[in-house]
Amino acid sequence: MVIDAFREDFAYGPLRFMPLTHDILNKGKGLKFTAETMPPTVTLPRIKAMMTGSTSSFVDVILNFGSSALEEDNIISRLKADGRHVIFFGDDTWLKLFPQHFERSDGTTSFFVSDYTEVDDNVTRHLQPELDKLTWDVMILHYLGLDHIGHFAGPRSPLIGPKLAEMDRIISQIYSAMEKWVEPSMLIVCGDHGMSDQGGHGGASPGEISVPVLFLSPQISNSDPKHSGIISQTDLCPTLAVLLGVPIPVGNIGKVVTEALVGFSLQQKVAVLHHNAKQAMAILRECVSDVHKESAFILLQETESMLNKWLSSQNGSSKMRWESQGQSLLTSLSESLTLISEKVSKLATSYDVYAMAISIVLMWMMLVSLVFRCIQEKRNNVGTLSVQFYMATVLPVLGSAVLSHIIMCTGGVPSDTVCSRTVPSALIQATLFMLFVCLAVHIISSWPSFGTVTKQLNTLIFGSSLVELLLLMGTVTHTLTLLSSSFVEEEHQTFYFLATALHIFIFYQLVVKYVKGFCIMPERKEALHSLDIGRNKTDEDKLLFYTSKTGRLWRRGRDINDTSDQITEEYHTYTNLENTNCLVREPKAEGRRIHETTSVSNPSFLEVFENDKAQEDTDLLQKSQPTVFKGKSNISSSYMSTTSFLHWTFSVVVVLLMLRVLRRWNHTGNKWLDIPDFGDWLVKPENKVSLSLITVCAFMIIGASRGSRLKRVQTMCVNLALCCAYLCRAAQGSLIFPYKKFLSSSGVLEARASYFFIASTCLISLLPEIFFKLDNVSESPHPPKSTSDSNSAKYKTIDSSATVNKQKSSSSCKMKKSRNSELTLSVKQGKSKPNSDVYDSFSIHQRLRGIIAATVCFSCLVKQPHNAPVSAAMSLAEQMMTPVLIQAGCQPVYSLLYSVWMGQVFFFLQGNSNSLSTVDIAAGYIGLDDYWPLVNGLLLFMATYVGTIFWSLAFLIFLFKTQEQHAEGGQLLSIFKVLDSSCQALLLTRVLPLSVYMALVAAQRYHLFVWSVFSPKMLYEAANTIVVGLQVLVFIGVSYLSSQ
């Protein structure tokens, strides 16, 4: 009888959930043990361990969702070959592992965690008829209800007690029937794995790896019922084989539990254990070439010599002495088996070393290629390299790679994956070779010179702000921390520290900017007054550039003191100060023009009429294009009003406080996992009212903050989605609701209604532009009409690919073409009307706001109710920090790094970790009444990485708001180019840690923590890579749509 997720304290703890079972033990009719399992603690590898006696691969975590027939030697196959009658009822994983092995069976779906009642009733309904028939030799029962409750509500749920009492009654029912049987019988009760304190499993915490094992039989006479031994889960395999009288599976490394051999004499027990040891030694011989030097082999040789003496002295020694020597032999054989098991467990897993090496080399080549792409200068001859160059560099590299591959496949370390002659292997080899060729050509052709690297490093170090340097250094530092197993387990602490430091640096940068603004403004006013800048109807208007470093004014790249060609086209400068209609440009790194304004909320708008100089203006503005890790911000203002300063700094302080509070909301990792937190307190049954109130407050905050920035229909959908999410949890019993009779039994209908409103919010965001015009006509902009001048052309914005936000200032500047083809400025009081392109930007921003609001609602629905404040804090943090980053002058690429960091921070704040036990399986079944693998997997994936998805959308919002600020300042910001740089940076942030971590895991594949720490983290890295790949695809799609 297997009870899924049966923790040790559920059976032996102080709460005594199973009194009937304890009565049997107290009568001396049973033996109790604690079995230690090996990670991964999921059902499939644990069943294989019990039935084969061997260790499992970590890939079984993935196969657990789609298991196939077990081909290894196992007890079930031995029983079938021996003609035994085996029946099974319970988890259908057994039916997939052992097809056509059971005479009678009835499987239940193991992944539909919302059901914890019917899934067990379907097993129990077969029990009594089978107990009465007795036409079977072995009956296997696998109950899933306890595991489903753990996933659904956690180990402290009030549902745990009644479920364990149900299991207790079933055990008593079976034992009562056994007492009436004539033939000897035994009931073995065990768990396949345990349960973490969060309700999941898959990791290596004490609650997950320690499970109870009970041997109950009327034939047992135990004089010490309180004694509890410690065994390995693999020990069940040889013990069952001996009890059932079938050969031990050949791959077994477990040892027979001799205490459970009821009716066996001492000599029989020694013989059984000796046979067990010899079989295990045969496995060790296959794994170790020089087995004679192994301590296990030496100990077994000594024990065998003692065994021969013991057998020959049976008649010559006293019975007591002979039995004492026999017990010593059992102890020695048991110790040798333990040593063999430990050694084989380390060496049993086979690694495809050559395939691993190829993947690591390719990953490092990707890393080098991305780095070269980021630091290389623009070169026109990259694509026109000569044939001689390729002959001299690329071909030798490719030839060496092919020769190395042939040597490794023929005489080195052959690989079935990349060395066999099958069609799949040939396709894999061709794909890898093409990838290697592409990367090698790109690396060689873009190899930077030492001067280029030095120049880029200087620009990076001395041309970046403190915030930008912290983002870069923090990303590299986080990668280095992955080299430590402790830092891998506590990775959340690294991101918590980096996020806190980052916001402190942002606060400091705002303070510095505020202080510097008062120093720069008087100098600028004095310079402008000294030049007598003003409207002069007889002079040509001139647009001047002011440089803070030299204190000089420029026009089109010339010094104003240069009098040559002064009749040619000139520009006039206006500053948009408090009482002056004038726009000042301040070039920063590499001569880029910076838009200066009093505050972000009161910008001036610059429109250019199409003329013969338009292309020249566009070329000039192209110089201000952002590049990866290069230069400073394009839109940062040197002056900040006191009101704006207080507003931005208050936002940063609030985010810092929220991050500090949320660190105590869900303790994760390993070291602090057992310390009580706010989430543990809220999920207690006696605190349901507090949990309900906090959830309502969180939903109200989300609805108010998100709904105020959406269209009316979207706001309604968001609020209805949140209401249905609350009703869903109320129907499931997690929250209070006074009228439960109006709710469904399991919250499926409410969840589906919430999905409908979430999907509606997204769908509305993707509707054509006309929908938004109908929704709010007063906000619908119209393009200005052209003048009556016969030579005037249509209006044209500076960035033809970008879009501009609706202007909010009280004055606007327009440049129009005069009869002599000169550019002049006309200042027009009153509220201006942007052109049609302005509306496009507004609609894109509106669409993103709707989609990100739907993402927050999805998080509230699929996450546990105590995580609702985390979702609300995540939403508020994005709304507060997006304008702060713009005001702080953060480039889009660095804002992308900020989004990556915050996505990881909220991944951990929601209770996730690098252990599989923290995966909330119940999130994949919200709104479903059946098991649909594709839908369940998609929901589970999105629920786990909803924080990362949210902050990816937040970056797009930041990008379009930055574009609006550029456009309002008359600057060009190409979304296509920025997203191209962002994709490179995003891939770099993924390839960098993955390259380092893959090399680490390959080098430490025999490490003690390879299964409990390194392998789970590798699975998370793989999932994270999928998320980044999807982000890159979204960025490419947005870039394409923006270019259209």
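By the naming in an unreviewed UniProt entry, the chain is GPI ethanolamine phosphate transferase 2 C-terminal domain-containing protein, taken from Elysia crispata. In UniProt, the chain has this text filed under Sequence similarities (unreviewed entry): "Belongs to the PIGG/PIGN/PIGO family. PIGG subfamily."

**Points about helix H15 (residues 319-347)**
Counted at 1.5 Å a residue, the expected span for H15 with its 29 residues is 42 Å, and the 42 Å between its end C-alpha atoms agrees. Contact partners of the buried residues in H15: helix H13 (266-287) and helix H14 (295-312).

**Examining the confidence of the model for the chain**
Keep in mind that low pLDDT regions are not for reading the predicted coordinates in detail. Summing up the model confidence of the chain, the mean pLDDT is 78 and the portion of residues at 70 or higher is 77%. For residues 379-383, every residue scores under 50 in pLDDT, and the model assigns this stretch 3 contacts once sequence neighbours within four places are set aside. Confidence drops under pLDDT 50 across residues 532-637; counting only partners more than four residues distant or on other chains, this segment forms 277 contacts.

**Structural notes on the pairing of strand E2 (residues 30-36)**
Burial analysis of E2 places 6 of its 7 residues in the buried class, which makes it a mostly covered element. Inspection of the sheet shows E2 paired to strand E7 (residues 210-216) by 7 bridges, in the antiparallel sense. Bridging across to E7, Ala35 finds its partner in Val211. Across 5 bridges, the pairing between E2 and strand E8 (residues 228-232) is parallel.

**Some points on helix H32 (residues 892-909)**
In a regular helix each residue adds 1.5 Å, so 18 residues correspond to 26 Å; H32 covers 25 Å between its end C-alpha atoms and thus fits that length. Positive backbone phi, at 100°, marks Gly911, one or two positions downstream of H32.

**Focus on the state of the cysteines**
According to the stated counting rule, one finds 1 disulfide in the structure shown. The partner cysteine of Cys409 in its disulfide is Cys419, sulfur to sulfur 2.1 Å. A torsion of -70° about the S-S bond marks the disulfide between Cys409 and Cys419 as left-handed. In this pair, Cys409 sits in helix H17 (residues 387-410) while Cys419 sits in the loop between H17 and helix H18 (423-445), placing the two residues 10 residues apart along the sequence.

**Structural notes on unusual backbone geometry**
The linkage connecting Pro39 with the following residue, Pro40, adopts the cis geometry, with an omega of 5°. Mapped onto the elements of the fold, Pro40 is located in the loop between E2 and helix H3 (43-52). A positive phi is found at Gln100, a non-glycine position, where the angle reads about 60°. If you trace the backbone, Gln100 turns up in the loop between helix H6 (93-97) and strand E4 (104-108). For Gln100, a relative accessible area of 70% translates into the label exposed. The backbone phi angle of Leu134 is positive, close to 60°, even though this residue is not glycine.

**Observations regarding the packing of aromatic side chains**
Per the counting criterion, the structure on display carries 24 aromatic pairs. When the centroid spacing of 5.1 Å and the interplanar angle of 70° are considered together, the rings of Phe372 and Trp447 count as edge-to-face. On the criterion of sequence distance, the pair formed by Phe372 in helix H16 (residues 353-375) and Trp447 in the loop between H18 and helix H19 (450-462) is long-range, its members being 75 residues apart. Overall, Phe372 belongs to the buried group, its relative accessible area being 12%. Taken together, the ring pairs connect Phe495, Phe907, Phe908, Phe941, Tyr945 and Tyr1020 into an aromatic cluster. The residue whose ring lies beneath Arg7 is Phe10, and the NZ or CZ to ring-centre distance is 5.4 Å.

**Some thoughts on empty space enclosed by the protein**
Tallying each qualifying case throughout the model produces 15 cavities of 30 Å³ or more. Taken as a whole, the largest cavity encloses approximately 310 Å³ of empty space. In terms of lining, the largest cavity is formed by 24 residues, of which the most central are Phe495, Val900, Gln904, Thr989 and Arg990. When contributions to the lining of the largest cavity are tallied by element, the ones reaching two or more residues are helix H20 (466-481), helix H22 (491-530), H32, helix H34 (946-968), helix H35 (975-1003) and helix H36 (1010-1043).

**Some words on the pattern of salt bridges**
Opposite charge on two side chains allows them to pair when their charged atoms are near. Enumeration according to the criterion identifies 16 salt bridges in this entry. Note that Arg84 is salt-bridged to Asp82, the shortest N-O span being 2.9 Å. What makes Arg84 partly exposed here is its relative accessible area of 26%. A relative accessible area of 43% places Asp82 in the partly exposed class. Lys1017 is paired through a salt bridge with Glu491; the nearest N and O atoms lie 2.7 Å apart. In this pair, Lys1017 is assigned in helix H36 and Glu491 in helix H22, connecting sequence segments 526 residues apart. Judged by its relative accessible area of 3%, Lys1017 falls in the buried class. Taking the relative accessible area as the measure of exposure, Glu491 reaches 2% and is therefore buried. Where salt bridges share partners, they join Glu491, Arg990, Lys1017 and Glu1021 into one cluster.

**Section: the nonpolar core**
Judged by nonpolar contacts, the single largest core of 116 residues is most densely connected at Ile506, Tyr898, Phe906 and Trp951. Looking at this core, the element that brings in the most residues is H32, giving 12 residues. Those residues in contact with Trp951 that lie beyond four places of it in its chain are Met874, Ala877, Glu878, Tyr898, Ser899, Met902, Gly903 and Phe906. Among the nonpolar cores identified, the runner-up in size contains 62 residues, and Cys190, Ala277, Ile283 and Val344 belong to it.

**A short note on the packing of H13 against H15**
Packing of H13 against H15 brings their axes to within 9 Å, and their N-to-C directions diverge by 25°. Considering their axes alone, H13 and H15 lie roughly parallel with respect to each other. Along this stretch, H13 crosses H15, giving a crossing that reads as left-handed. Of the residues belonging to the contact of H13 with H15, the class tally is 16 nonpolar, 7 polar and 3 charged.

**Some details on a nonpolar patch on the surface**
Together, Val402, Ile406, Phe433 and Met434 line one region of the surface with nonpolar side chains, adding up to about 350 Å² of accessible area. Those elements giving two or more residues to the nonpolar patch turn out to be H17 and H18. Turning to its location among the elements, Val402 is positioned in helix H17.

Calculation notes
- Residues numbered from 1 in each chain as written.
- Predicted model: local features only at pLDDT ≥ 70, side-chain atom pairs only at ≥ 80, totals over all residues.
- Heavy atoms only, no water.
- UniProt positions renumbered as here; feature names shortened; annotations may be inferred.
- Helix = DSSP H or I, 4+ residues; strand = E, 2+ residues; numbered from the N terminus.
- Expected span 1.5 Å × (residues − 1).
- Contact = heavy atoms within 4.5 Å.
- pLDDT = per-residue confidence, 0-100.
- Buried < 20%, exposed > 50% of the residue type's maximum accessible area, 1.4 Å probe, protein only.
- Pairing = 2+ DSSP bridges.
- Disulfide = S-S within 2.5 Å.
- Phe/Tyr/Trp six-rings, centres within 6.5 Å; stacked < 30°, edge-to-face > 60°.
- Lys NZ or Arg CZ within 6 Å of the ring centre and 35° of its normal.
- 1 Å grid on protein atoms, 1.4 Å probe; cavity = no way out; pocket = protein on both sides within 12 Å on 5 of 7 lines; lining within 4 Å.
- Points joined across faces, edges and corners; volume = space filled by probe spheres on them.
- Salt bridge = Lys/Arg side-chain N within 4 Å of Asp/Glu carboxyl O.
- Core = buried A, V, L, I, M, F, W, Y, C linked by side-chain atoms within 4.5 Å.
- Axes fitted to C-alpha atoms, helices over the stretch in contact; angles between N-to-C directions.
- Parallel < 35°, antiparallel > 145°, perpendicular 65-115°, else oblique.
- Left-handed = near helix turned anticlockwise from the far one by under 90°.
- Nonpolar A, V, L, I, M, F, W, Y, C, P; charged D, E, K, R; others polar.
- Patch = residues over 30% accessible without salt bridge, like charges linked within 9 Å, V, L, I, M, F, W, Y side chains within 5 Å.
- Areas by Shrake-Rupley, 256 points an atom, 1.4 Å probe, with all protein chains shown as cover.

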